[in-house]
Amino acid sequence: MKPQLDLIRRTVLALFLREMKTRFGKYRLGYLWCLLEPLAHISILLLLFGYIMHRSIPSIPFPLFLLCGVLPFLMFNQIVSRSLNALDANQGLLSYRPVQAIDLILARTLLEGVIGTAVFLLLLLCLALAGQNIALDQLPALCGYWLLLLLFSFSLGLLFMLLGHAYPESEKLIPLLIKPLYFLSGVMFPLALVPAPYQAYLLWNPLAHALELIRHALVTSYPADHVHGSYLLLWTLGLLFFSLLFYKGRANALRRS
Amino acid sequence: MIRFENLCKSYKTPAGRHYLFRQVNLEIPSGKSVALLGRNGAGKSTLLRLIGGMDRPDHGRIHSNKSISWPVGLSTGFQGSMSGRENVKFVARLYAKPHELAAKVGFVEEFAELGRYFDMPLKSYSSGMRSRLGFGLSMAFDFDYYLLDEITAVGDAVFRQKSAALIQQRRQHSQFIFVSHNFEQLRQFCDVALLLDSQGLRYFDDVDLGIAQYRAENHV
């Protein structure tokens, strides 16, 4: 087992370094875009809703609220939506025997995870320096939810890669399904503001749980009675199990042209 | 030794299933380099991809206890926006230990003789330069079998001479499976032949016999 694990580690590292070079290589400011993209995103939302939201959610400062919504969601989106055509885009790589299809998604999750986490921490630090009071007494919980979100994204990414390969039509359909998730996950409004009958529907979405839990972990006064870590955990484990099973079943077909 | 057991391979096409191999059973003995003969579209590259493990048969299997390279062709696995060096580094990370990385990159850089192009994006390469990089890259690692898909055909005379010398040297320990339309070259490097055509896959234990058969059947 040991040499196999070592091979996976080496392969994922090689893919990780390669993705890092290709992801921002074509833009002029390179890696700076990791920071600029979410920053622009948050600024626009702040400009649009800053004043209203400041009054509607007194329990959490709105910039911090947005940071905890936008950053994790963008990270999730990057992993999942680019996994759909991962096989097509990397067909050449699979000619090297050590590279397995699952390594592509592993490397992507790792890269987006590292970028997303670094940017999140950096912006959090900026907020703290700007005088924002950030309590870190719930740090273990925050890390836990963050990792769970990454594992959830990985599982869904793996599933989408397999679906994209088995049914090419899904490359048209699935992006249409991902887009509304932005609104359904409460990236820019708290679920507590949604009227009860509709809130129950939104709570089906595990992603909404993840975002609310991350907010609650940073600001304890932010209400999180309606969301549950166990729900997110169950979803993640179930999805992971199912995608790995699907992957096992499709292992031969993935290599067959 | 590479053994094909009940190997079947077909492709789905709009005009129905196209069969390349039906129930192929044969064995390439150890220590023999193979000339793979056949016309364009006969399935030579597919066979190399099957042997290299990047494609799977419909039924049956390919059994070997040797290490086998990836199919070395013009278009495999390179990323156009990355430089030659970065592409080489990537593959070296897959196949070599971290401490060997620099040595492998150095070998390819020296062998391919791309000069400043080694640090330029791969999409600016000519096909000759691509083949130099691809061939040099595969030679940086020790495999029991190297799969070469018309890779030496596009290089210039200097490169061909250089690669011929390297192949001869490697043949003391490793074997080659060659796809080439240059009979001289095949005679020089290969011991046995596989002939692939509409009659299926046939094995000849002498490369000259295989070439003679191929020439007779195709009137060349």
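Cut-offs applied
- Residues numbered from 1 in each chain as written.
- Chains lettered and ligands numbered in written order.
- Predicted model: local features only at pLDDT ≥ 70, side-chain atom pairs only at ≥ 80, totals over all residues.
- Heavy atoms only, no water.
- Helix = DSSP H or I, 4+ residues; strand = E, 2+ residues; numbered from the N terminus.
- Rg over C-alpha atoms; globule rule 2.2 N^0.38 Å.
- Buried < 20%, exposed > 50% of the residue type's maximum accessible area, 1.4 Å probe, protein only.
- Contact = heavy atoms within 4.5 Å.
- Buried area = accessible area lost by both parts, 1.4 Å probe.
- Salt bridge = Lys/Arg side-chain N within 4 Å of Asp/Glu carboxyl O.
- Nonpolar A, V, L, I, M, F, W, Y, C, P; charged D, E, K, R; others polar.
- Pairing = 2+ DSSP bridges.
- Axes fitted to C-alpha atoms, helices over the stretch in contact; angles between N-to-C directions.
- Phe/Tyr/Trp six-rings, centres within 6.5 Å; stacked < 30°, edge-to-face > 60°.
- Lys NZ or Arg CZ within 6 Å of the ring centre and 35° of its normal.
- Parallel < 35°, antiparallel > 145°, perpendicular 65-115°, else oblique.
- Left-handed = near helix turned anticlockwise from the far one by under 90°.
- Expected span 1.5 Å × (residues − 1).
- UniProt positions renumbered as here; feature names shortened; annotations may be inferred.

**Digging into the overall build of chain A**
- When helices and strands are tallied, chain A shows 11 helices and zero strands.
- The N-to-C order of helical and strand elements in chain A reads α-α-α-α-α-α-α-α-α-α-α.
- For a compact globule of 257 residues, the expected C-alpha radius of gyration is about 18 Å, and chain A comes in at 19 Å, within 12% of that figure.
- On the principal axes, the C-alpha backbone points of chain A span a range of 55 × 45 × 35 Å.
- Counting over 257 residues, chain A shows a buried share of 47%.

**A word on the interface of chain B and chain A**
- Each partner contributes to the interface: chain B provides 29 residues, whereas chain A provides 21 residues.
- Together, the buried faces of chain B and chain A total about 2,200 Å²; carbon and sulfur atoms form 55% of this surface.
- Here chain B is connected to chain A by zero salt bridges.
- The element best represented in the side of chain B that touches chain A is helix α2 (residues 84-95) of chain B, accounting for seven residues.
- Within the side of chain B that touches chain A, the residues separate by chemical class into 14 nonpolar, seven polar and eight charged.

**Points about the sheet that holds strand β6 (residues 145-149) of chain B**
Residues and elements named next belong to chain B.
- The strand order across the open sheet built from six strands is β5-β6-β7-β3-β8-β9, with neighbouring strands paired in mixed fashion. In this open sheet, the two strands that pair with only one neighbour each are β5 (68-72) and β9 (200-204). Mean inter-strand twist for the sheet, computed between neighbouring axes without regard to direction, equals 15°.
- With four bridges joining them, strand β3 (residues 34-37) and strand β8 (residues 192-197) adopt parallel strand pairing. By the bridge assignment for β8, L37 is matched with L195.

**Re the packing of aromatic side chains**
- The full count for this structure, using the stated rule, is 27 aromatic pairs over all chains.
- Taken together, a centroid distance of 6.1 Å and an interplanar angle of 55° make the contact between F65 of chain A and Y222 of chain A tilted. One end of the pair, F65 of chain A, is in helix α3 (residues 62-81); the other, Y222 of chain A, is in the loop between α10 (206-218) and α11 (229-255), and 157 residues separate them in sequence. The same class applies to F65 of chain A as to Y222 of chain A, namely buried.
- An aromatic cluster of at least three residues, connected via ring pairs, comprises Y96 of chain A together with W70, F90, Y95, F141, F143, Y146, F176, F178 and F189 of chain B.
- Between R18 of chain A and the ring centre of F90 of chain B, over which it is positioned, the NZ or CZ distance is 4.6 Å.
- The ring of F65 of chain A carries R215 of chain A above its face, with NZ or CZ at 3.8 Å from the centroid.

**What to know about the packing of α10 of chain A against α11 of chain A**
Residues and elements named next belong to chain A.
- Where α10 meets α11, the axes come as close as 9 Å, and the angle between the chain directions of the two elements is 135°. On the basis of the axis angle, α10 is oblique to α11. Crossing of α10 against α11: the hand is left-handed. Side by side, α10 and α11 meet where P206, H209, A210 and L213 of the first sit next to G229, Y231, L232 and W235 of the second.
- Classifying every residue of the contact of α10 with α11 by side-chain character gives six nonpolar, two polar and no charged.

**Focus: the sheet that holds strand β2 (residues 16-28) of chain B**
Residues and elements named next belong to chain B.
- What the three strands build is an open sheet, ordered β2-β1-β4; its pairing is antiparallel. A strand with exactly one partner marks an edge of an open sheet, and here the two such strands are β2 and β4 (59-64). Put simply, the sheet's adjacent strands are angled 25° from each other on average, direction ignored.
- Pairing analysis gives five bridges linking strand β1 (residues 2-13) to β4, with the strands arranged antiparallel. Across the sheet, I2 pairs through a bridge with S64, a residue of β4.

**Quick look at helix α4 (residues 127-139) of chain B**
Residue and element names in this part refer to chain B.
- Taking 1.5 Å of rise per residue, the 13 residues of α4 would be expected to cover 18 Å, and the 18 Å separating its terminal C-alpha atoms lies within 8% of that figure.
- Most of α4 sits inside the fold, with 11 of its 13 residues counted as buried.
- The secondary structure elements touched by the buried residues of α4 are β5, α2, α3 (101-112), β6, α5 (157-170) and β7 (175-179).

**Brief notes about the UniProt feature "domain: ABC transmembrane type-2" (unreviewed entry) in chain A**
- The UniProt feature table records "domain: ABC transmembrane type-2" (unreviewed entry) at residues 29-252 of chain A.
- Here residues 29-252 of chain A runs as 73% helix and 0% strand, with 41 Å between its end C-alpha atoms.

**Looking at the packing of helix α6 (residues 139-166) of chain A against helix α7 (residues 170-178) of chain A**
All names here are of chain A.
- For the pair α6 and α7, interaxial distance at closest approach is 9 Å and the crossing angle is 145°. Here α6 contributes F160, L163 and G164 to the contact with α7, which in turn contributes S170, E171, I174 and I178.
- A per-class count over the contact of α6 with α7 returns four nonpolar, two polar and one charged.

**Focus: the environment of L245 of chain A**
- Note on placement: L245 of chain A falls in helix α11.
- On a C-alpha basis, the gap between L245 of chain A and L159 of chain A in space is 9.9 Å, while along the polypeptide they are 86 residues apart.

**Considerations on the pattern of salt bridges**
Residues and elements named next belong to chain B.
- Under the criterion given, the structure shown has 19 salt bridges over all chains.
- When the shortest N-O distance is used, the salt bridge between K162 and E113 registers 2.7 Å. A residue pair is termed long-range when its members are at least 10 positions apart, and K162 in helix α5 and E113 in the loop between α3 and α4 qualify at 49 residues.
- On the basis of relative accessibility, which here comes to 26%, the residue K162 falls in the partly exposed class.
- The exposure class assigned to E113 is partly exposed, which follows from its relative accessible area of 47%.

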